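For reference, the chains in residue letters:
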Amino acid sequence: MARKKKKAPAMDPDIFQKSREALRRRHRQVIYLNDSEMAAVKEYCDRFNVKARSAIFREATMARVLEQLSDSHPTLF
């Protein structure tokens, strides 16, 4: 006799909408690069076939921020 597949519980539409709203990017940041920095970014994007440069900057920045936050946690002594 074949087993019946269990259905995944349906997600509440309100919860789904709230999670989408929480992930929406609303805060704009602008950075300026000099010619050599921009050339390096363009070379990287060409070499690794990257289409969205904003994702690179976002991931690199957040990786650095989260790394430093975890390294500088408060100590008791």
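Residues numbered from 1 in each chain as written. Predicted model: local features only at pLDDT ≥ 70, side-chain atom pairs only at ≥ 80, totals over all residues. Heavy atoms only, no water.

## Here's the deal with the packing of aromatic side chains
To be explicit about the condition: Classification of ring pairs rests on two measures: the distance between centres of Phe, Tyr or Trp rings, Trp counted by its six-membered ring, which must be within 6.5 Å, and the angle between planes, read as stacked under 30 degrees, edge-to-face over 60 and tilted in between. Only protein chains enter the area calculation, which uses a 1.4 Å probe; residues under 20% of their type maximum are buried, those over 50% are exposed, and those in between are partly exposed.
Under the definition given, this model contains one aromatic pair. With centroids separated by 4.8 Å and ring planes inclined at 45 degrees, the aromatic side chains of Y44 and F48 adopt a geometry described as tilted. The class of Y44 is partly exposed, set by a relative accessible area of 41%.

## Digging into the packing of helix 2 (residues 35–47) against helix 3 (residues 53–71)
Worth spelling out the cut-off: Lines are fitted to the C-alpha atoms to define the axes, a helix being fitted only along its stretch in contact, and any angle between axes, read from their N-to-C directions, falls within 0 to 180 degrees. Strands here mean DSSP runs of E at least two residues long; helices mean DSSP runs of H or I at least four residues long; both are numbered from the N terminus. Roughly parallel refers to an angle under 35 degrees, roughly antiparallel to one over 145, roughly perpendicular to one between 65 and 115, and oblique to any angle outside these ranges. We call two residues in contact when some of their heavy atoms are within 4.5 Å. Side-chain classes are defined by residue name, with Ala, Val, Leu, Ile, Met, Phe, Trp, Tyr, Cys and Pro counting as nonpolar, Asp, Glu, Lys and Arg as charged, and the others, Gly among them, as polar.
Two elements in contact, helix 2 and helix 3, have axes separated by 11 Å at closest approach and are oriented at 110 degrees. Judged by the angle between their axes, helix 2 and helix 3 are roughly perpendicular. Listed contacts from helix 3 to M38, V41, K42, Y44 and C45 of helix 2 are R53, I56 and F57. Classifying every residue of the contact of helix 2 with helix 3 by side-chain character gives six nonpolar, no polar and two charged.

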